[in-house]
Amino acid sequence: MRTLLNWIASIALGASLALAAPATEPPKPYGPVPTARQLRWHEMEFYGFLHFTVNTFTDKEWGYGDEDPAVFNPTDFDADQIVRTARDAGMRGLILTAKHHDGFCLWPSRHTEHSVRNSPWKAGRGDVVREISDACRRHRLRFGVYLSPWDRNHAEYGRPAYIAYYRNQLRELLTQYGDVFTVWFDGANGGDGYYGGARETRRIDNRTYYDWGRTWQLVRELMPMAVMFSDVGPDFRWIGNERGIAGEPCWATLNPGDGVPGNTRANLNHGERPGTHWIPGECDVSIRPGWFYHAKEDRQVKTPAQLLDIYYQSVGRGACLNLNLPPDRRGRIHENDVAVLREFRRLWDATFARNLAAGARVTAANTRGGGGRFSARQVLDGRRDSYWTTGDEVAVTEIVFELGAPATFNVVDLREYLPLGQRIEAFALDQWNGGQWNEIARGTSIGNRRLLRVSPVTTGKVRLRITAAACPALSEFGLYREP
Ligand code: FUL
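Residues numbered from 1 in each chain as written. Predicted model: local features only at pLDDT ≥ 70, side-chain atom pairs only at ≥ 80, totals over all residues. Heavy atoms only, no water.

A. Local environment of the domain arrangement of the protein chain. When its domains are assigned, the protein chain resolves into domain 1 (2–30 + 355–480) and domain 2 (36–352). Between the C-alpha centres of domain 1 and domain 2 the distance comes to 37 Å. Between domain 1 and domain 2 lies a buried interface of about 1900 Å² when both sides are counted; carbon and sulfur atoms form 52% of it. For domain 1, the biggest contributors to the area lost against domain 2 are Gln422, Arg449 and Arg453; these three give 30% of the whole. Across the domain 1-domain 2 interface, the total number found is 6 salt bridges. Among the salt bridges present, the one from Arg449 reaches Glu45, with a minimum N-O distance of 3.3 Å. Counting across the domain 1 and domain 2 interface gives 14 residue pairs in polar contact (both at pLDDT 80 or more). Elements with a minimum of two residues in the side of domain 1 that touches domain 2: strand 15 (396–416), strand 16 (424–432) and strand 18 (450–468). When residues of the side of domain 1 that touches domain 2 are assigned to their parent elements, the largest contribution, 3 residues, is made by strand 18. (Domains from an automatic or database assignment. Buried area = accessible area lost by both parts, 1.4 Å probe. Salt bridge = Lys/Arg side-chain N within 4 Å of Asp/Glu carboxyl O. Polar contact = N/O pair within 3.5 Å; in protein donor to acceptor, adjacent residues only side chain to side chain. Helix = DSSP H or I, 4+ residues; strand = E, 2+ residues; numbered from the N terminus.)

Here's what the structure looks like:
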């Protein structure tokens, strides 16, 4: 009986090995995987929004579209101060509202009179898009644009002519300002507005009106490495709230179906597994209550501790964080915001300065090909392009870190190797207390990055247990201590 069972088992094993990749080759990808442009975006992790337009001067959040361009007049505009503030906070890019719902253009578009060209700022010769994109290049940040699909100023909004106008504007932004890392398509669509003087309510069918497929194609042609945001992608999705909080779990995959910006049934906050597409989440949130600057909110800037909480619940759940900084009426980031960002960065630096597991002795229960390029040590080399993986047949495994001397930590950091898909379904971390293992943390989705805050633990040995849908590919492991 025993031999018969062994024989059946060996046939089954032989069949699965025949389908598997050789042990010295990487595993086959699992499910949808990110494109090169999405991988570049994942690496950014933390970047910012700049909400700036006529609203800054009229003290509104949504301009009606009848604002006189003369109201746009920053008294001391300083693109370097804005971009430096973002860079010093740790951001890797900035997305500027080139045009918000009010339709006013921060660049001298050839296709409208409703722009900086007719403002008193720099006698009509200013260009905010130019200045911010140039400053981003100087300070090594990526530059991106927000171009509101809804336009409450334009006379043709709601009719086909507006779609041609919108695409002409995209063409200007994607051909005149160098590399653009993202185009951010907002989902707020249609409603009342000025519309060239009509002052009426215009409803559009967001499934058909914008013909998104062709607009997205235009962006691909003009800027192939740009990632596009909308509620449903195509490259990254809205996280479903404006508080900057990703779900737990938060999968990078989604079933967008026939959803369109502003109209989707997909689970944006958690993502969906299994999912047909790789469409990871972005958490957008403002450092103040509003998206635009209002002097009355000068004392309502989020605290460094609040920003850190948001960071752990966005970047720490595999999403990117897009933190809005609203330039004030001078055209600078207000002192209160600068002070908060400086302290946020100080705490962040102090936490992540040293991986307490960096020098650990690592032993994995299983290693693909027995070692070498897939060995357990790869998770401590600080590189996201290397990883530890196992034989194809392994779905449940573990990896042990002997720290040498006891260390105290309260943050656990994990990364999957994204080019092979999101493979890990669940994990748990144990500490060795001298006699046995005690579980201290557990979770499900990892993806680009998973940060878990735990109550401070002091131990010389930890164990990570993993359950995966296909053999795991873990890129990084870290233990940190918050000051
Ligand atoms: C929303 C807009 O309506 C807000 O004004 C802001 O731009 C935010 C980022 O997206 O949908």
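From this point on, the discussion continues.
B. Expanded view of helix 5 (residues 128–138). For helix 5, the full list of buried residues reads Val128, Val129, Ile132, Ser133, Ala135 and Cys136. The buried residues of helix 5 all sit within an arc of 160 degrees when viewed along its axis, so they share a single face. Against the buried residues of helix 5 lie strand 1 (46–50), helix 4 (79–89), strand 2 (93–99), strand 3 (142–147) and helix 6 (160–175). N-cap assignment for helix 5: the residue whose side-chain oxygen lies 3.0 Å from the backbone N of Val129 is Asp127. Arg140 sits one or two positions beyond helix 5 and adopts a positive phi of about 60 degrees. (Buried < 20%, exposed > 50% of the residue type's maximum accessible area, 1.4 Å probe, protein only. Arc of directions from axis to C-beta. Contact = heavy atoms within 4.5 Å.)

C. Structural context of helix 7 (residues 212–222). Among the residues of helix 7, Trp212, Thr215, Trp216, Leu218 and Val219 are the ones counted as buried. All buried residues of helix 7 fall inside an arc of 150 degrees around its axis, so they share one side. Those residues of helix 7 that are exposed and angled more than 90 degrees off the buried face are Arg214 and Glu221. In this fold, the buried residues of helix 7 make contact with helix 6, strand 4 (182–184) and strand 7 (227–230).

D. Just the pattern of salt bridges, in detail. All chains considered together, the criterion is met by 39 salt bridges. Note that Asp179 is salt-bridged to Arg40, the shortest N-O span being 3.6 Å. Remark: Arg40 occurs in helix 2 (residues 36–44) and Asp179 occurs in the loop between helix 6 and strand 4; sequence separation between them is 139 residues. By relative accessible area, Asp179 is classed as partly exposed at 38%. By relative accessible area, Arg40 is classed as buried at 19%. Among the charged side chains, a network of salt bridges with common partners joins Glu398, Asp430, Glu439, Arg442, Arg463 and Arg465.

E. Spatial organisation of the state of the cysteines. Taken as a whole and judged by the stated rule, the model has 0 disulfides. No disulfide involves Cys105; its sulfur sits 19 Å from that of Cys136, the nearest cysteine. Looking at the unpaired Cys136, the closest cysteine sulfur is the one in Cys320, lying at 16 Å. Of the residues examined, Cys136 reaches a relative accessible area of 0% and is grouped as buried. (Disulfide = S-S within 2.5 Å.)

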